[in-house]
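The residues making up each chain are set out below.
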Amino acid sequence: MDIETYQALPFEEIRERLQVIAAYAAEHPLVFPRHRLISASPGRTFIAGDIHGHPEMLLSVLQVRGFDPGRDICIMVGDLVDRGRGCRDALSLLGDDAFHSVAGNHEVMWARALAGSEACLRAIMDTEWRYLGMIHESPEPAMVMESSFLKAIMGNDWRDFYKQIADAFGKMPYQITLETPHGLYGVTHAESPPLWDAGRYMGDTAWQTDLIWERRRFAPRPHETPIRHRVAGVDGVITGHTIIENPGRVENVLCIDTGAFIP
């Protein structure tokens, strides 16, 4: 987002509101669990890529597949929020025992922005502006204020919004281990430690960052060394985060983010 676009937005009002929310957040911090163990359901287990505020797309596909919430479960790889206007509805899915998700970098950005990070606030706004450029030929800066995040924090019910995401984020661990009759599988947003040991690495800030941000396995930059190691301790790992044309595998890690939110 360029300077002119920022200047067209009520940035000082947004900053003032976030200062109020950050004070509230200091007393009621948002916490993502480290790890969760899930056993496969009696029915089927679905794994869904990044939905980015478009829960209707996921629900439509599940309906076509005959998803039965009484028997089946759906595990999402994070990034339920940003871009689409259905972010709060996406988070509401976690109130149903049939739906689970790990934390993604966009959930973490929301949490940090609400705790007072202006860098994360700007990243959220930049993400929205780029998305508007995908769906509108000439987007207006004011459209940014209609994003799920800004609309919620600037509304009178921001405390209800905060409580909703506190409940949702409390159900979104960095790692999910899925026990199935066919083996043990890990689910995380971006990348796994070389050894899938949820507790051992969570004291390491670098690995927490890799779990939600790393892209070198599926989209290394020219100057970066690609990640090629096999993840030990599980039969396979399923991730999202990095948009690729078709689901792809490197060793025993499968990326399933195909950018479904892109028009």
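Residues numbered from 1 in each chain as written. Predicted model: local features only at pLDDT ≥ 70, side-chain atom pairs only at ≥ 80, totals over all residues. Heavy atoms only, no water.

## Looking at the environment of aspartate 72
To keep things clear, this is the line we draw: Secondary structure elements follow DSSP: runs of H or I no shorter than four residues count as helices, runs of E no shorter than two count as strands, and numbering proceeds from the N terminus. Accessible area is worked out with a 1.4 Å probe on protein chains only. A residue is then buried under 20% of its type maximum, exposed over 50%, and partly exposed in between. For this analysis, residues touch if any pair of their heavy atoms sits within 4.5 Å. Pairing of N or O atoms within 3.5 Å defines a polar contact, subject to two protein rules: one partner must be a possible hydrogen donor and the other a possible acceptor, and residues neighboring in sequence count only if both atoms are side-chain atoms.
Residue placement: aspartate 72 occurs in the loop between helix H3 (55-64) and strand S3 (73-76). With a relative accessible area of 4%, aspartate 72 lands in the buried category. As for aspartate 72 and serine 41, which are separated by 31 residues in sequence, their C-alpha atoms are 5.9 Å apart. For aspartate 72, the contacting residues outside a window of four places in its chain are Ser41, Gly43, Arg44, Phe46, Gly66, Phe67 and Ala98. A distance of 2.7 Å separates a polar side-chain atom of aspartate 72 from the backbone nitrogen of arginine 44.

## Details of empty space enclosed by the protein
Worth spelling out the cut-off: The rule is simple: put a 1 Å grid over the protein atoms alone, call a set of points where a 1.4 Å probe fits but cannot get out a cavity, call an open set with protein on both sides within 12 Å along at least five of seven lines a pocket, and count a residue as lining if it has an atom within 4 Å of a point. Grid points are joined across faces, edges and corners, and a volume is the space filled by probe spheres set on the points. Note that Gly is not counted as nonpolar here; it falls among the polar residues with everything else outside the nonpolar set of Ala, Val, Leu, Ile, Met, Phe, Trp, Tyr, Cys and Pro and the charged set of Asp, Glu, Lys and Arg.
Per the counting criterion, the structure on display carries 1 cavity of 30 Å³ or more. Here the largest cavity is characterised by a volume of approximately 40 Å³. In this structure, the largest cavity is lined by Asp82, Arg83, Gly84, Arg85, Ile124, Glu128, Ser147, Ser148 and Phe149. Every element with two or more residues in the lining of the largest cavity is listed here: helix H6 (118-135) and helix H7 (148-153). Counted by class, the lining of the largest cavity contains 2 nonpolar, 3 polar and 4 charged residues.

## Description of the side chain of serine 148
Checked against the element boundaries, serine 148 lands in helix H7. In this structure serine 148 comes out as buried when scored by relative accessible area, which is 10%. At 3.2 Å, the side chain of serine 148 and the backbone oxygen of arginine 85 are in polar contact. Excluding its chain neighbours within four sequence positions, the residues that come into contact with serine 148 are Gly84, Arg85, Gly86, Cys87 and Trp110.

## Describing the packing of helix H2 (residues 11-27) against helix H8 (residues 158-169)
Keep this limit in mind: Here the axes come from fitting lines to C-alpha atoms, over the contacting stretch only for helices, and the angles between their N-to-C directions go from 0 to 180 degrees. With respect to orientation, any angle under 35 degrees is reported as roughly parallel, any angle over 145 as roughly antiparallel, any angle of 65 to 115 as roughly perpendicular, and every other angle as oblique. Handedness of each helix crossing follows the sense of rotation of the near helix against the far helix: counterclockwise by less than a right angle gives left-handed, clockwise gives right-handed.
Direction vectors running N to C along H2 and H8 enclose 50°, while the axes themselves pass 12 Å from each other. Here H2 lies oblique to H8, going by the angle between them. Relative to H8, H2 is oriented so that their crossing is right-handed. Contacts from Arg17, Val20, Ile21, Tyr24 and Ala25 of H2 reach H8 at Trp158, Arg159, Tyr162 and Lys163. Considered class by class, the residues forming the contact of H2 with H8 number 6 nonpolar, no polar and 3 charged.

## Remarks on unusual backbone geometry
Located in the positive-phi region is histidine 52, a residue other than glycine, with phi close to 40°. Residue histidine 52 is classed as buried on the basis of its relative accessible area of 2%. For aspartate 82, which is not glycine, the phi dihedral falls at a positive 75°. Considering the arrangement of structural elements, one finds aspartate 82 in the loop between S3 and helix H4 (87-92).

## A short note on H8
Rules: By definition here, a helix of n residues has an expected span of 1.5 Å times n minus one. Think of the arc as the fan of directions from the helix axis to the C-beta atoms.
Between its first and last C-alpha, H8 extends 16 Å over 12 residues, near the 16 Å set by a 1.5 Å rise per residue. Looking at H8, one finds that the buried residues are Trp158, Phe161, Tyr162, Gln164, Ile165, Ala168 and Phe169. For H8, the arc enclosing every buried residue in end-on projection is 160°, short of the 170-degree limit, so these residues lie on one face. Of the surrounding secondary structure, the elements contacted by the buried residues of H8 are H2, H4, helix H5 (105-114) and H7.

## Things to note about the sheet that holds strand S4 (residues 99-101)
Basically, it comes down to this: Note: two strands are recorded as paired if DSSP finds a minimum of 2 bridges between them.
Here we have 3 strands laid out as an open sheet, ordered S2-S3-S4, and parallel in their pairing. Taken across any chain shown, the strands that pair with only one partner, and hence form the sheet edges, are strand S2 (45-48) and S4. Here the average twist between neighbouring strands, direction ignored, is 20°. Pairing of S2 with S3, which is carried by 4 bridges, proceeds in the parallel orientation. The residue bridging isoleucine 47 from the neighbouring strand is isoleucine 75, located in S3.

## Focus on a nonpolar patch on the surface
Test applied: Each patch groups residues whose relative accessible area exceeds 30% and which form no salt bridge, using 9 Å between like charges and 5 Å between nonpolar side chains of Val, Leu, Ile, Met, Phe, Trp and Tyr. In short, Shrake-Rupley with a 1.4 Å probe defines the accessible areas, and a residue's cover is counted only from the protein chains shown. Basic side-chain nitrogens of Lys or Arg form a salt bridge, by our definition, when they fall within 4 Å of a carboxyl oxygen of Asp or Glu.
A surface patch of nonpolar side chains, about 320 Å² in accessible area, is lined by Met134, Ile135, Ile243 and Ile262. On the secondary structure map, isoleucine 262 appears in the segment after strand S9 (253-255). Relative accessible area serves as the criterion here: at 37%, isoleucine 262 is assigned to the partly exposed category.

## Some points on the packing of aromatic side chains
We apply this condition: Pairing of aromatic side chains requires ring centres within 6.5 Å, counting the rings of Phe and Tyr and the six-membered ring of Trp. Pairs whose planes differ by under 30 degrees are stacked, by over 60 edge-to-face, and all others tilted.
Going through the model one piece at a time under the given rule, you end up with 10 aromatic pairs. Plain terms: the ring middles of phenylalanine 32 and tyrosine 174 are 6.2 Å apart, the flat faces sit at 55° to each other, and that makes the pair tilted. Of this pair, phenylalanine 32 sits in the loop between H2 and strand S1 (35-39) while tyrosine 174 sits in the loop between H8 and strand S5 (175-180), and the two are 142 residues apart along the sequence. Neither phenylalanine 32 nor tyrosine 174 differs from the other in exposure class; each is buried. A ring pair is formed by tryptophan 110 and phenylalanine 149, whose centres lie 5.1 Å apart and whose planes are at 55°; its orientation type is tilted. Remark: phenylalanine 149 occurs in helix H7 and tryptophan 110 occurs in helix H5; sequence separation between them is 39 residues. There is no split in this pair, since tryptophan 110 and phenylalanine 149 are both buried.

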